[in-house]
Amino acid sequence: MTLLAVERIKLLSTRSPWWCALTALVLTGGFTALVVSQSNAQFPATVSATQYAYSFGMAVIMVLATLAVTTEYRFGTIRTTFQAVPNRAAALAAKATVVALIALVIGEIMAFLSWGMATLIQPEADLALNSTADWINVAGVGPACALAAVVAMAVGILVRHSAGAISLVLIYFLAAENLVTLIPGIGADIFKWLPFNVLHKFVTGDGESAGGATYGQPLSTSTLSPWWALAYFAGFAVVLLAIAITTARKRDA
Amino acid sequence: MIEAQSLTKRYGDKLAVDDLSFTVESGRVTGFLGPNGAGKSTTMRMMLGLDNPTSGTVTIGGKRYAELHHPLRTVGALLDARWVHPNRSARAHLSWMAKSNKISPKRVDEVLDIVGLSEVASKRAGGFSLGMSQRLGIAGALLGDPEVLLFDEPVNGLDPEGILWIRKFMQRLADEGRTVFVSSHLLSEMALTATDLVVIGKGKLISQSTTEEFVARATDSTVKVRSPHLDRLRPALDRVGATVTTTDDGLLVAGVAGEKIGELAMENQVTLHELAPQQGSLEQAFMQITGDSVEYHADLETEAAEQPAGHAAVTN
Ligand SMILES: Nc1ncnc2c1ncn2[C@@H]1O[C@H](COP(=O)(O)OP(=O)(O)OP(=O)(O)O)[C@@H](O)[C@H]1O
Ligand SMILES: [Mg+2]
């Protein structure tokens, strides 16, 4: 508990998490408003459509998570941290927990803000959350962001430099996975199992929240069920974090 | 008490610390002296468990750093004053450190007061001058009221007032019975601060002794001699194996103590106008001692003799 409080003080006593949170909210909120206000009889607003921009917010949250650890390396405070808490595994696990919790909160605010705005912009549209799929599509954004943040932080621990780690995380998240589909023959099969594609499956399911797939976000090609998809990504995040922590324990701070 | 045993650190091909063994006693200020790149900071990082020794161990009160419970309460350290997030306030910086080792939040204000930063406690640390950053670093070191304090070049970049403040401060900490280990590359600075000295060069131990002994060894090597009868004194000096250099107004003699020169003069009925140990060459002598630690014993005396006399020690 002490270590969680320490990491919370550290994270919230600098400005960048606040800026990142604000950026995530403005970006997803703005984009959602744009999409939803353009809806019409042919393309009705759906629950899925209100979360169209969640991945932008998630990208910003991953930047926040990466910076949470790379700035410690940049300014040397990681050494002060390890000096105060020589058990590096405990210190870094606590940091990952705090970062994940903050990502969870931002993710939920982001998702419900987008959904709430949509209900105001299109009062007539059927945006009620009346199925599990609807709920997961909105409330599931938080846990998805939390796990994505852990992945980003693990990359931050491994790479240590802000620019390098952020580029790696964003290029992978926004481009690299999709590029895999271009590999002839096996590309699509590999893509099915790539982590962020699987995570997207958790959020969007089979498109039930889009009222028949056409009126929402593009769907994931993963064949897992939403809950297995979440478990799969969580496993990926934990393994990556374990690798990062093991590395950090062995090398010089 | 700090104890290093055969401490060795290799970075790739570079042997930064080479089989270093020494002890640091409590109740005294022990200087850790060596030229740039000697391995002082590396040794201190290993003391704090930040860098892993390639081989050997260093213990604090018999324990490795990682074994200490709430280590900030046992060891306070200022290795680099810039290890602070520039957007965090001084108080926030100390608060998380205190929290991590279950130190009362009241102590944060106490140490801020001790180092004189109370007024800027809620200002961004990034806006601090170097002197203020050093003070914040010292506040962090004092936070846990530790038995052992490590400072890496704490006076670097400070003005004379700041230097004096730190010097007095470290002496007070030692008087309270604490172990104070402070590094520097300036013998002149350490001569004023430390009672004991651990001297290293190129990662190797050169000497561990009291400061007095080391200073004596570093400076006694040359004596300035003026006399109207140098033609008679010189052969006598040569016979006892002294290294003699002629200068404008006399001789510079190395390898023989001043007393011995006086006796030789007496035996040879030589009048002396001046017989003066060259205290001024403190820093130069030190540079020769550490400059090439391996060949030091062979070279110190001749090189010291070749130095022009009377060059004042460089003080920071
Ligand atoms: N992380 C590192 N990687 C590679 N080499 C290193 C590393 N840290 C130190 N060194 C090398 O080890 C040697 C000792 O460095 P160190 O910083 O310990 O010296 P120092 O005595 O503190 O010097 P200074 O008075 O300049 O602070 C130097 O040659 C340095 O280049
Ligand atoms: Mg150094």
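A quick note: this is a predicted structure, and the numbers were derived from the prediction, not measured. Sequence positions are assigned chain by chain, starting from 1 and proceeding in written order. Chain labels run from A onward and ligand labels from 1 onward, assigned in the order the entries are written. Reporting in this predicted model follows two pLDDT cut-offs: at least 70 for local features of residues, and 80 or more for side-chain atom pairs to be given and counted; totals over whole chains, interfaces and linings ignore these cut-offs and use all residues. Only heavy atoms go into the side-chain values, all of them from the structure, while hydrogens and water stay out.

For the rest of this paragraph, the subject is the side chain of A:Thr50. All names here are of chain A. Mapped onto the fold, Thr50 is located in helix H3 (residues 47–50). Assessed through its relative accessible area of 0%, Thr50 is described here as buried. The contacts of Thr50, once residues within four sequence positions are left out, are Thr32, Val36, Ser114, Trp115, Ala118 and Leu127. Secondary structure elements are taken from DSSP: a helix is a run of H or I of four residues or more, a strand is a run of E of two residues or more, and numbering for both begins at the N terminus. Each residue gets one of three labels from its accessible area relative to the maximum for its type: buried under 20%, exposed over 50%, partly exposed in between, using a 1.4 Å probe on protein chains only. Whether two residues are in contact is decided by their heavy atoms, any of which lying within 4.5 Å being enough.

Right, let's get into the confidence of the model for chain A. If pLDDT is low for a region, its predicted coordinates should not be looked at in detail. pLDDT is defined as a per-residue confidence score from the predictor, taking values between 0 and 100. Put simply, chain A has an average pLDDT of 91, and 98% of its residues get 70 or more. Confidence, expressed as mean pLDDT per element, reaches its minimum in chain A at H3(A) with 86 and its maximum at helix H8 (residues 141–159) of chain A with 97.

Residue and element names in this part refer to chain A. Contact geometry for helix H4 (residues 54–75) and H8: axes closest at 8 Å, N-to-C directions at 35°. Crossing hand, H4 versus H8: right-handed. Facing H4, whose interface residues are Tyr54, Met58, Ile61, Met62, Ala65, Thr66, Val69, Thr70 and Tyr73, H8 presents Val141, Ala144, Cys145, Ala148, Ala149, Ala152, Met153, Gly156 and Ile157. Residues are sorted three ways: Asp, Glu, Lys and Arg are charged, Ala, Val, Leu, Ile, Met, Phe, Trp, Tyr, Cys and Pro are nonpolar, and all the rest, Gly among them, are polar. In terms of residue class, the contact of H4 with H8 is built from 15 nonpolar, three polar and no charged. With axes taken as lines fitted to C-alpha atoms, and helix axes fitted only over the stretch in contact, angles between N-to-C directions fall between 0 and 180 degrees. For any pair of crossing helices, the crossing counts as left-handed if the nearer helix is rotated counterclockwise from the farther one by less than a right angle, and right-handed if it is rotated clockwise.

What follows deals with the nonpolar core. B:Ile2, B:Phe22, B:Leu150, B:Phe151 and B:Phe181 are the most contacted members of the largest nonpolar core, which totals 144 residues. In terms of residue count, H8(A) provides more of this core than any other element does, 14 residues in total. Ignoring anything within four residues of it in the chain, the contact list for B:Phe181 reads B:Ile2, B:Phe22, B:Val24, B:Thr30, B:Gly31, B:Phe32, B:Met44, B:Met47, B:Leu149, B:Leu150, B:Phe151 and B:Val198. Nonpolar cores are built from buried Ala, Val, Leu, Ile, Met, Phe, Trp, Tyr and Cys residues. Side-chain atoms within 4.5 Å join them into one set.

Our next topic: the site of ligand 1. All names here are of chain B. Surrounding ligand 1, one finds 13 residues, the nearest of these being Gly37, Gly39, Lys40, Ser41 and Thr42. A distance of 2.7 Å is found between an oxygen atom of ligand 1 and a backbone nitrogen or oxygen belonging to Gly37. Here an oxygen atom of ligand 1 sits 3.1 Å away from a polar atom, N or O, in the side chain of Glu153. Surface burial for ligand 1 is 63%, taken as the share of its 630 Å² of free accessible area covered by protein chains. When contributions to the shell around ligand 1 are tallied by element, the ones reaching two or more residues are strand E2 (14–24) and helix H1 (40–47). Broken down by element, the residue count for the shell around ligand 1 peaks at four residues, all from H1. Across the shell around ligand 1, the residue classes tally to four nonpolar, five polar and four charged. In these notes, residues near a molecule or strand are those with any non-hydrogen atom within 4 Å of it. N or O atoms within 3.5 Å of each other form a polar contact, as long as, within protein, one can give a hydrogen and the other can take it, and as long as residues adjacent in sequence are counted only when both atoms are side-chain atoms. Here the accessible surface of atoms and residues is derived via Shrake-Rupley with a 1.4 Å probe, and residues count as covered only by protein chains that are part of the display.

With that out of the way, let us pick up the interface of chain A and chain B. On the side of chain B, 29 residues touch chain A, which itself brings 26 residues to the contact. Summed over both partners, the accessible area (1.4 Å probe) lost when two parts come together is defined as the buried area. When the buried surface of chain A facing chain B is broken down by residue, A:Phe75, A:Gln83 and A:Asp252 rank first, second and third, together holding 25% of it. Salt bridge, as used here: a side-chain nitrogen of Lys or Arg that lies within 4 Å of a carboxyl oxygen of Asp or Glu. Joining chain A to chain B, the criterion identifies one salt bridge. Taking the shortest distance from any N to any O, the salt bridge between B:Lys9 and A:Asp252 comes out at 2.9 Å. The tally of links between chain A and chain B comes to eleven residue pairs in polar contact (both at pLDDT 80 or more). Where the side of chain A that touches chain B is concerned, the elements lending two or more residues are helix H1 (2–12), H4, helix H5 (77–84) and helix H12 (226–250) of chain A. By residue number, the principal contributor to the side of chain A that touches chain B is H5(A), which donates seven residues. In terms of residue class, the side of chain A that touches chain B is built from nine nonpolar, nine polar and eight charged.

All names here are of chain B. On average, residues of chain B score 86 in pLDDT, and 87% of them reach the 70 mark or higher. Counting interchain partners and residues more than four positions distant, the pLDDT-below-50 stretch residues 293–316 has 41 contacts. Our summary of model confidence lists the complex with pTM equal to 0.84 and ipTM equal to 0.85.

Take a positive patch on the surface next. Only residues whose relative accessible area exceeds 30% and that form no salt bridge enter a patch; like-charged residues are grouped when within 9 Å of one another, and nonpolar side chains (Val, Leu, Ile, Met, Phe, Trp, Tyr) when within 5 Å. We count Lys and Arg on the positive side and Asp and Glu on the negative side, and we leave His and both chain ends out. To locate a charge, take atom NZ for lysine, CZ for arginine, CG for aspartate or CD for glutamate. On the surface, a cluster of positive charge is contributed by A:Arg8, B:Arg73, B:Lys99 and B:Lys102. Tracing the sequence through the fold places B:Lys102 in the loop between helix H2 (90–100) and helix H3 (105–114).

So, about the sheet that holds strand E1 (residues 2–11) of chain B. Residue and element names in this part refer to chain B. Each pair of strands is called paired provided DSSP finds at least two bridges between the two strands. Spatially, the three strands line up as an open sheet ordered E2-E1-E4, and their pairing is antiparallel. Each having just a single partner strand, E2 and strand E4 (55–60) make up the two edges of the open sheet. Across this sheet, the average inter-strand angle for adjacent strands is 20°, counted without regard to direction. Pairing analysis gives five bridges linking E1 to E4, with the strands arranged antiparallel. Bridge pairing in E4 places Ala4 opposite Val58. Lying on the sheet, H1 is in contact with E1, E2 and E4; it crosses E1 at an angle near 115°.

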